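Notes for the structure review
Single-letter residue listing:
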Amino acid sequence: MLPDGVRRFFRLDGVLGRDDDVDAELQHHFEAAVSAHRRQGLSEDEARAAVRARFGDERAYRAALKRIGTGRVRMREKTEWGEAIVRSVVRAIRGMRRNPGFTFSVAFVLALGIGANAVMFGVVDRLLLSPPQHIVEHDDVRLLHVQREIFNGETRTMRSFTWPDYQDLKSVSAFASVGAYSGPQEVIVGRGEEASLADAVQATASLFPLLGVSPSRGRFFTEAEDRLGAEPVAVLAHEYWEREYGQNPDVLGQQIDISQASYTIIGIAPPGFTGAELAPADLWIPMQRSQEIEQGDGWVDSRGWYWLQAVARLGDGATTEAAEAESSAAHRAGRAEMIEQDFYDADALIIAGPVIAARGPNPTSEAQVARWLGGVSLIVLLIACFNVANLLLARAVTTRREMAVRLALGVGRGRLVAEVVLEAMLLALLGAGIAMGVARVLSGTVHRVLLPGVAFTDSGLDGRLLGFALLATLIAGLVTGVLPALQGTRTDLTVALRSGGPRSSGGGSRLRVALLVGQAALSVVLLVGAGLFVKSLDRAENLDLGFDQDRVLVTMLEWNESLPAAERASVYSEALDRVRRLPGVREAALTYTIPFYSSISLGQPRVPGLDSVPRHHNGGPYVNKVGAGYLETMGLSVRAGRGIGAPDDTEGASPVAVVSESMAAAYWPAGDAIGSCMIFDEDEPVCTEVIGVVENHRRQALVEDDPHFLYYVNQGHPDFQGPPQAIMVGTDGDPELVLEAVRAEARDASTQVRFVNATSLADFVEPELRSWTMGAAMFTVFGALALIVAAWGLYSVLAFDVALRRHELGVRTALGAGVGRLVHMVIRRAVGLVGVGTALGLLIALAAAPFVRPLLFQVPERDPMTYGVVAALLMLVGCAAGAVPAMRATRVDPREALTSE
């Protein structure tokens, strides 16, 4: 134990922190003990020996004392540090309560910036950062692509494969396993009036173990169930099970009618499972058996039937490069015959891309736009931070005297800086709280509107989002607090203490001016982007597709059972007659393929007189078997000859066809297409006569060269003799007004009709507009937020300036300055600041324009009209922001302003 005197010293008199202090204290107590022994009659040597014997190991005492001293110092420092933080927090909260208007302004601005980033982070995280849920070791999973040269030398990367291609990929030893899937695609579930639509995915049994997913209930289907002729089974998505079955645990073993067959439910997928992609699905069914039920078996050996996507998991030790090399060789070997006939690229490559599709070789346009929007949302946050920093700088002028007094009383500059930063942090947290509440409410709506084809399973406030929001809040607090803190503590104490009150000379510091200019410049950049995307969306929506998508209904019939082709054709004809008689229907016609949904190419015809048939780089010609009135229904104009619908254009008559303008120009450049002949089958060389030329129209994309199209009504092509697949219904007005009547008439055409799926043709085109819709909507929202924040900041700073310059304004008024002069002074300052910021922003936008060019549609990236409108808008906002402070300047009472000093 330590001597009592030593213990009392440490308990009562503080802590010894240095070795000299410890030595001195030990020596003091040692000598005191020696003196006590001398008074008891011991000699000097005996007294010292006795004390040494009592004290024991001096080094141990010294170490113990240092430990006690260090521990007490640390404890005291922690206590003082905690108490200082509490005092600072209390002080900051009191200051926020004393200035509710200022607090609201700052919290509102930061809520806009943080909220915008929170909403966009959910989109960016889903598309670009996170793999689909439930995939184990996703870095080893690869989405397979094929990169090949098409007819005109252009190289394209696609994800569609044929069934024989998939079988070739299964032989690659670098892959531990290979799976395939197709969809999601709409299917009919149930019968009669209870029938409804659902999204089903055809998948191979190998897909689930490849991804590493386990069912929530029951099991996934096996290889034995994923074969031709097997008993149909199905797995329900967890969300579909909740929605349609109320989480009934007895659903396993029940039957579910899907399209033309009855399936046994064997399992429930885990919550949020979407397979290897992000598209939501309701049902998972075996690929081979379901395809056999719906399409027969023509796809089994066909290398022209592209309908599935392939996914693989790398084997142990296998590299991506080795897997790509081996799979490319296997793919080319499987297509050796086509390569020999020059129908396929001999250098075709298989690319094993990451399971996060947006990072792969063929990202969607939505993912490309999302990258930009992620950066744009950060710009909004930066503008908000500039705004708040400016407000804090302006307020620092009013608290300059208080700062000086506290510095004079001995408060350190570091502590004052910390208090200002802490207050900024608290304001940022308040804004973040508001932002996260808004994000929770709005995220779901934003996701559904902008990305309806992507599954978002969280509530909008998951751990990753909260972590991002906290990081954004921390950054916002530091950015907005540090500069005002440093500026506010750089105070000349003598000047500050002598001044009677805050003044603003010349309207504020250079830093505040720079922040205002920065806000305006960044706002210009966002508004220019918004203008370009809005114009792109307008051009895309008003693009002449060749057909009238806004006034056409696509009506498809689903059957109670698998009907022979002749019976299907008969029911379609009866439904067509019924639909044509409806009020509001101007024309209706049968069709086999549907624009932006399906297309078929069955090889090149032979044209007598031509040595070689011109090829289109997008393939084709694309063949469609249509009924009388099809061209009129679709709004397609006949350029030469006549359309389809004459009495002779019937089944059994001589085959005739109508070709598109692009096909006519390529095959018959001299303009003699009408009356020409096309032969499709050399074994039975029947001539199909060209009777008309029709205007071009888009096939599958808004951005594509005019494809070669061929329309016929009878036996124009030997391999294309199936029944109709849909009724195209042309309406006099909005298709939605006759939609239910069309469904009812088509359903009543036969008892074999199980369900009528009718929707506007515009709904098939809508996914092609999604990237521009997303860009236009979010750029506009972010641009508007930036404009609001910049205008708010400009107004706030000008209002502060007017308040700080009351003395100057009073003097000017007393000397005879009129109202117009005072208003002009404030407005001129506002316009000057905005003008400089606008000029800088236009320069930045011009420099960044080439990077945004690939995302625009038929709009120049340096569109003069867009830039001019944005510049005019910013100047107008500058005038509006300065109007109220200018009017306040005219109401300054000279006597009050002068006596207040």
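Above this text sits the structure in question.
Residues numbered from 1 in each chain as written. Predicted model: local features only at pLDDT ≥ 70, side-chain atom pairs only at ≥ 80, totals over all residues. Heavy atoms only, no water.

Considerations on the overall build of the protein chain
To be explicit about the condition: Runs of E in the DSSP output that reach at least two residues are strands. Runs of H or I that reach at least four are helices, and both are numbered from the N terminus. Here the Shrake-Rupley method, with its probe set to 1.4 Å, supplies the accessible areas, and only the displayed protein chains count as covering residues.
Along its length, the protein chain carries 26 helices and 21 strands. With an accessible surface of roughly 40700 Å², the protein chain has 54% of that area assigned to carbon and sulfur atoms.

Topic: the state of the cysteines
What counts, and what does not: Here, two cysteine sulfur atoms that lie within 2.5 Å of each other are counted as a disulfide. Exposed residues in this analysis have more than 50% of their type's maximum accessible area, buried residues have under 20%, and partly exposed residues fall in between, with area computed by a 1.4 Å probe over protein chains only.
What the rule picks out here adds up to one disulfide. Residue C677 pairs covalently with C687 via a disulfide, S to S 2.1 Å. Residue C677 is found in strand β17 (residues 677-679), and its partner C687 is found in strand β18 (residues 687-694); the two are separated by ten residues along the sequence. Look at C677 and you get buried, because its relative accessible area is 17%. You can call C687 partly exposed: its relative accessible area is 36%.

Thoughts on the packing of aromatic side chains
Counted only if it meets this: Only Phe, Tyr and Trp rings take part, Trp by its six-membered ring, and two of them pair if their centres are within 6.5 Å. Stacked means planes under 30 degrees apart, edge-to-face means over 60, and tilted covers everything else.
Scanning all chains against the criterion turns up 18 aromatic pairs. Geometrically, the ring pair formed by F547 and F596 is edge-to-face, given 6.3 Å between the ring centres and 75° between the ring planes. With F547 in the loop between α17 (510-541) and β12 (552-559) and F596 in the loop between β13 (585-591) and β14 (622-625), the pair connects residues that are 49 residues apart, well separated along the chain. Per residue, the accessibility class of F547 equals that of F596, and both read buried. Seen from their ring centres, Y630 and Y711 are 6.0 Å apart, and the 40° between their planes marks the pair as tilted. Of this pair, Y630 sits in helix α19 (residues 630-634) while Y711 sits in strand β19 (residues 709-712), and the two are 81 residues apart along the sequence.

What to know about the sheet that holds strand β20 (residues 726-731)
The condition is simple: In this analysis, strands are considered paired if DSSP registers two or more bridges between them. For helices, the axis comes from a line fit to the C-alpha atoms of the stretch in contact; other axes are also lines fit to C-alpha atoms, and the angle between any two N-to-C directions lies between 0 and 180 degrees. In what follows, residue pairs with any heavy atoms lying within 4.5 Å of each other are defined as contacts.
The four strands lie next to each other as β13-β20-β12-β21, forming an open sheet whose pairing is antiparallel. Bordering the open sheet on either side are β13 and β21 (753-760), each of which pairs with just one other strand. Geometrically, the sheet is characterised by an average inter-axis angle of 20° between neighbouring strands, direction not taken into account. Two elements, β12 and β21, share seven bridges in a ladder whose sense is antiparallel. Its bridge partner lying in β21, V554 is registered against T759. Across the sheet, helix α18 (residues 565-580) is in contact with β12, β13, β20 and β21; its angle to β13 comes to roughly 170°. Where helix α21 (residues 739-747) meets the sheet, its contacts fall on β12, β20 and β21, and the angle it forms with β21 comes to roughly 155°.

Observations regarding unusual backbone geometry
With an omega of 5°, the peptide bond running from G183 to P184 counts as cis. Within the secondary structure layout, P184 lies in strand β3 (residues 175-189). A positive phi angle, near 75°, is found at H134, a position not held by glycine. One can find H134 in the loop between α5 (100-129) and β1 (141-149). Within the chain, F596 stands out as a residue other than glycine whose phi angle is a positive 65°. The class of F596 is buried, set by a relative accessible area of 9%.

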